[in-house]
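Observations on the three-dimensional arrangement
Spelled out from the first residue to the last, the chains are:
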Amino acid sequence: MVLVCLTLVAPLALADGHGGLTLEKRQPDAKMTVTSAKIGEEVSVITAEGDIGEYGGVYVTYNLAYDVTRTAGQVYGQGRGFTQDGFASGKFTGYWQMADGVNTMGSVVQLSDGTQNLDIITFTSHTKELVVSAYILK
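Before going into details, it helps to say that this report is about the structure given with it.

Looking only at helices and strands, one finds 1 helix and 8 strands in the protein chain. When the helices and strands of the protein chain are read in sequence order from the N terminus, they spell out α-β-β-β-β-β-β-β-β. Across the 138 residues in the protein chain, those meeting the buried criterion constitute 37%.

With antiparallel pairing, 8 strands are arranged side by side around a closed barrel as S1-S2-S3-S4-S5-S6-S7-S8. Each strand axis lies, on average, 30° off the axis of its neighbour in the sheet, ignoring direction. Bridging between strand S6 (residues 102-111) and strand S7 (residues 116-124) involves 9 bridges; their strand directions are antiparallel. Considered in S7, the bridge of Val102 is made with Thr124.

Taken together, the side chains of Tyr59, Phe82 and Phe87 define a hydrophobic patch exposed on the protein surface, amounting to about 370 Å² of accessible area. Along the chain, Phe87 turns up in strand S5 (residues 86-99).

Turning to the nonpolar core, a few remarks are in order. Formed by 21 residues in total, the largest nonpolar core has its most connected members in Met32, Tyr62, Leu64, Val75, Met105 and Leu130. Of all the secondary structure elements, the ones that give two or more residues to this core are strand S1 (30-38), strand S2 (43-51), strand S3 (57-65), S5, S6, S7 and strand S8 (129-136). Sorting elements by how many residues they give to this core places S3 first, with 4 residues. Excluding anything up to four places from it in sequence, Met105 contacts Tyr62, Leu64, Val75, Tyr95, Trp96, Asp119, Ile120, Ile121, Phe123 and Leu130.

For the rest of this paragraph, the subject is the pairing of S5. Sheet topology places strand S4 (residues 72-83) next to S5; 12 bridges connect them, and they run antiparallel. What sits directly across from Tyr76, in S5, is Thr93. Between S4 and S5, which pair antiparallel one after the other, the connecting turn spans 2 residues. Between S5 and S6, which pair antiparallel in sequence order, lie 2 residues; one of them, Asp100, sits at a positive phi of approximately 55°.

Another point: the pairing of S6. With 10 bridges joining them, S5 and S6 adopt antiparallel strand pairing. When the bridges of S6 are listed, Tyr95 appears paired with Gly106. What sits between S6 and S7 in their antiparallel hairpin is a turn of 4 residues, with Gly114 showing a positive phi close to 95°.

The subject of this paragraph is the side chain of Asn117. Considering the arrangement of structural elements, one finds Asn117 in strand S7. Residues within four places of Asn117 in sequence aside, it is in contact with Arg26, Tyr55, Ser107, Val108, Val109, Leu111, Ala134, Tyr135, Ile136 and Leu137.

Our focus in this paragraph is the environment of Asn63. Tracing the sequence through the fold places Asn63 in strand S3. Assessed through its relative accessible area of 15%, Asn63 is described here as buried. Sequence separation between Asn63 and Thr47 is 16 residues, and the spatial gap between their C-alpha atoms is 8.8 Å. Not counting residues up to four positions away in its chain, the partners in contact with Asn63 are Val43, Ser44, Val45, Gln74, Val75, Tyr76 and Gly77.

Cut-offs applied
Residues numbered from 1 in each chain as written. Predicted model: local features only at pLDDT ≥ 70, side-chain atom pairs only at ≥ 80, totals over all residues. Heavy atoms only, no water. Helix = DSSP H or I, 4+ residues; strand = E, 2+ residues; numbered from the N terminus. Buried < 20%, exposed > 50% of the residue type's maximum accessible area, 1.4 Å probe, protein only. Pairing = 2+ DSSP bridges. Axes fitted to C-alpha atoms, helices over the stretch in contact; angles between N-to-C directions. Patch = residues over 30% accessible without salt bridge, like charges linked within 9 Å, V, L, I, M, F, W, Y side chains within 5 Å. Areas by Shrake-Rupley, 256 points an atom, 1.4 Å probe, with all protein chains shown as cover. Salt bridge = Lys/Arg side-chain N within 4 Å of Asp/Glu carboxyl O. Core = buried A, V, L, I, M, F, W, Y, C linked by side-chain atoms within 4.5 Å. Contact = heavy atoms within 4.5 Å.

So, in structure tokens, the structure goes:
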């Protein structure tokens with residue numbers, strides 16, 4: 001169900017106002033650094049960390065399951081953010097695809113404070129950099 005939602009909503013959410021759905025960014029785009037990558041036969045695991053605005057210092061694990069093409073599939077995982085005021089946690093699921101060495105992940109994130117985001121994450125392998133764009137769903 002989430003994958004269908006992402007397939008239908010994500011392109012509209014990022015539309016430039018030509019009749020599509022427009023979502024508000026939760027915060028400015030944030031960069032994270034990949035700290036490890038474990039390539040598996042069925043699932044590969046990427047871990048990353050970075051400063052993510054209101055979530056503070058964030059640590060996240062992305063589990064990428066392969067579909068039959070091995071260049072796309074389901075992404076799921078969780079993250080924790082730590083600030084001086086406490087911490088936040090979130091779980092997510094969505095879809096990823098690889099094109100021209102760039103992995104793009106779209107996922108719905110359920111956060112511990114009850115908010116929800118649509119996250120679009122771009123991972124460029126050769127730079128070890130993830131860029132997280134978070135859009136408000138709830």
